[in-house]
Amino acid sequence: MPSNFHSRRRFFNQPPFRRPSRALLLGFIVLLAAATVSGCAAVPLKEAGTLASYQKLGPQKGTFAKKRLYVDGPQLARVKTVAIVPTVFSFGAASKIRSEADRSMVSNALDRALCVALSDKYQMVPAGQPADLTIRSVIADIVPTNKAVAGVATVVSVGSGFALPVGVPRLPFGLGGLAIEAEALDAAGTQNAAMLWSRGANSIQDKPRVSEVGDAYGLAAKFADDFSRVLIAGKEPKGLNLSLPSRQRTRSWLGGKPKYAACEAFGRAPGLLGALASRYGAPPQWTEKKSKPAMTH
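Residues numbered from 1 in each chain as written. Predicted model: local features only at pLDDT ≥ 70, side-chain atom pairs only at ≥ 80, totals over all residues. Heavy atoms only, no water.

**Quick notes on the state of the cysteines**
Per the counting criterion, the structure on display carries one disulfide. Across the disulfide, Cys-115 is cross-linked to Cys-263 (sulfur-sulfur distance 2.0 Å). Between Cys-115 and Cys-263, the disulfide has an S-S torsion of -85 degrees and is therefore left-handed. Taken as a pair, Cys-115 in helix α5 (residues 100-118) and Cys-263 in the loop between α8 (247-253) and α9 (271-279) lie far apart in primary sequence, 148 residues in all. Residue Cys-263 is classed as buried on the basis of its relative accessible area, which comes to 2%. (Disulfide = S-S within 2.5 Å. Helix = DSSP H or I, 4+ residues; strand = E, 2+ residues; numbered from the N terminus. Buried < 20%, exposed > 50% of the residue type's maximum accessible area, 1.4 Å probe, protein only.)

**Quick word on the pattern of salt bridges**
Enumeration according to the criterion identifies eight salt bridges in this entry. A salt bridge links Lys-96 to Asp-141, with the nearest nitrogen and oxygen atoms 2.6 Å apart. Note that Lys-96 is positioned in the loop between α4 (91-94) and α5 and Asp-141 in strand β5 (residues 133-143), a separation of 45 residues in sequence. One continuous salt-bridge network, built from bridges that share partners, spans Asp-120, Asp-225 and Arg-249. (Salt bridge = Lys/Arg side-chain N within 4 Å of Asp/Glu carboxyl O.)

**Some thoughts on the nonpolar core**
In this structure, Met-124 and Leu-178 are the most contacted members of the largest nonpolar core, which totals 43 residues. Contributing elements (two or more residues each) for this core: β1 (65-71), β2 (81-84), α4, α5, β5, β6 (177-186), β7 (191-200) and α7 (214-233). In this structure Leu-178 touches Val-43, Ile-139, Asp-141, Ile-142, Trp-197, Ser-198, Arg-199, Ala-216, Leu-219 and Ala-220, once residues within four positions along its chain are discounted. Leu-45, Leu-51, Tyr-70 and Leu-196 belong to the second largest nonpolar core, which has seven residues in total. (Core = buried A, V, L, I, M, F, W, Y, C linked by side-chain atoms within 4.5 Å. Contact = heavy atoms within 4.5 Å.)

**Observations concerning a nonpolar patch on the surface**
A grouping of Trp-253, Leu-254 and Leu-272 is seen on the molecular surface, where their side chains present a nonpolar patch of about 340 Å² in accessible area. Note on placement: Trp-253 falls in helix α8. The exposure class of Trp-253 is partly exposed, given its relative accessible area of 47%. (Patch = residues over 30% accessible without salt bridge, like charges linked within 9 Å, V, L, I, M, F, W, Y side chains within 5 Å. Areas by Shrake-Rupley, 256 points an atom, 1.4 Å probe, with all protein chains shown as cover.)

**A word on the pairing of β6**
With ten of its ten residues buried, β6 lies for the most part within the structure. Here β5 runs beside β6; their pairing, made up of ten bridges, is antiparallel. In the strand pairing of β6, Leu-133 is matched with Asp-186. The sheet contact formed by β6 and β7 spans nine bridges and is antiparallel. Along β7, the bridge assignment pairs Glu-183 with Ala-194. Hairpin geometry of β6 and β7 is characterised by an intervening segment of four residues between the two adjacent antiparallel strands and by a positive phi of about 85 degrees at Gly-189. (Pairing = 2+ DSSP bridges.)

**Topic: the pairing of β5**
Of all eleven residues in β5, eight are buried, a share of seventy percent or more. Looking at chain direction, β2 and β5 are connected through three bridges and run parallel. Bridging across to β5, Ala-83 finds its partner in Thr-134. Alignment of strand β3 (residues 88-89) against β5, held across two bridges, turns out to be parallel. Note that in β5 the partner of Val-88 across the bridge is Val-138.

**Here we look at the packing of aromatic side chains**
Inspection of the entire model under this criterion finds two aromatic pairs. Between Phe-223 and Phe-227 the ring centres are 5.7 Å apart and the planes differ by 20 degrees, which places this aromatic pair in the stacked class. Here Phe-223 pairs with Phe-227, and both are found in helix α7, just four residues apart, close to one helical turn. The two residues Phe-223 and Phe-227 agree in class, both being buried. (Phe/Tyr/Trp six-rings, centres within 6.5 Å; stacked < 30°, edge-to-face > 60°.)

**Digging into the packing of α5 against α7**
Put simply, α5 and α7 touch, their axes get as near as 8 Å, and they point 30 degrees apart. Taken together, the axis directions place α5 and α7 in an arrangement best described as roughly parallel. Crossing of α5 against α7: the hand is right-handed. Contacts between α5 and α7 involve Met-105, Val-106, Ala-109, Leu-110, Arg-112, Ala-113, Leu-114, Ala-117 and Leu-118 on the former and, on the latter, Ala-216, Tyr-217, Ala-220, Ala-221, Phe-223, Ala-224, Phe-227, Ser-228, Leu-231 and Ile-232. Broken down by class, the residue content of the contact of α5 with α7 amounts to 17 nonpolar, one polar and one charged. (Axes fitted to C-alpha atoms, helices over the stretch in contact; angles between N-to-C directions. Parallel < 35°, antiparallel > 145°, perpendicular 65-115°, else oblique. Left-handed = near helix turned anticlockwise from the far one by under 90°. Nonpolar A, V, L, I, M, F, W, Y, C, P; charged D, E, K, R; others polar.)

**Quick notes on the environment of Leu-254**
Position of Leu-254 among the secondary structure elements: in the loop between α8 and α9. Judged by its relative accessible area of 43%, Leu-254 falls in the partly exposed class. Between the alpha carbons of Leu-254 and Ala-275 there is a distance of 9.5 Å; along the sequence they are 21 residues apart. Look past the residues within four positions of Leu-254 in its chain and what remains in contact with it is Gly-271 and Leu-272.

**Digging into α7**
In this model α7 runs 30 Å from its N-terminal to its C-terminal C-alpha over 20 residues, within 8% of the 28 Å that 1.5 Å per residue would give. Immediately beyond the C-terminal end of α7, within one or two residues, lies Gly-234, with a positive phi of roughly 75 degrees. (Expected span 1.5 Å × (residues − 1).)

Shown next, in the form of structure tokens:
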């Protein structure tokens, strides 16, 4: 065989000519991500009629999460103790989730995340006891997750993790969502802060979980993070929160004892077991350690 044939063969087998296949694969994944990033559940802001006042709320803002906000920084600066009234569902939202246990799990996840986050600055006391500030939250609307689609999305996502360098984004169908209104009232019943908030799950940031409330469960904690930042800062936060979580937050996230006993009313986080279950699309019901009786407004 001619020597120049072997030369050409060695030339085309060099690394620069084997890389395009991987580059094309990564390019395909990037295009798929771009195509699915716009796939998210549309959840408009919704009033449940439970806030002391809506008049002070600012204009709607936000991209992923929509929100209208009011905050009185000087009043919040005087706060030392905080109580959380267990979150309730509006009648309309409750009618969309048949299982009382599922509703309870979502509201409990919200309260637990809020209690742990606020423990960074305030002393948390049980609901019903005297407190400088009392927080009330109502789930005004909920978009159930399509369990069948979430199951398929899990198989695709997990399977791609073994076969491809990066995971394929979640299928942009059957996504869930959540709308919440919350306020913080002082001992005299004066509104010190309030927020209307809504967010739909999206293909990139929210992992599919095979549960009717799979997305709402995760979004409840995201609301708690947003609202707690407002209450701790006493103003509307700017940009992303890039600070590292405190030691007490990390311990609580891992399922450890919370900083204040009042937070035990909402149970402890599933921790690493919950994170593993989320990775493989397991329903949050499998790893939740405690639920409380659901309440409907």
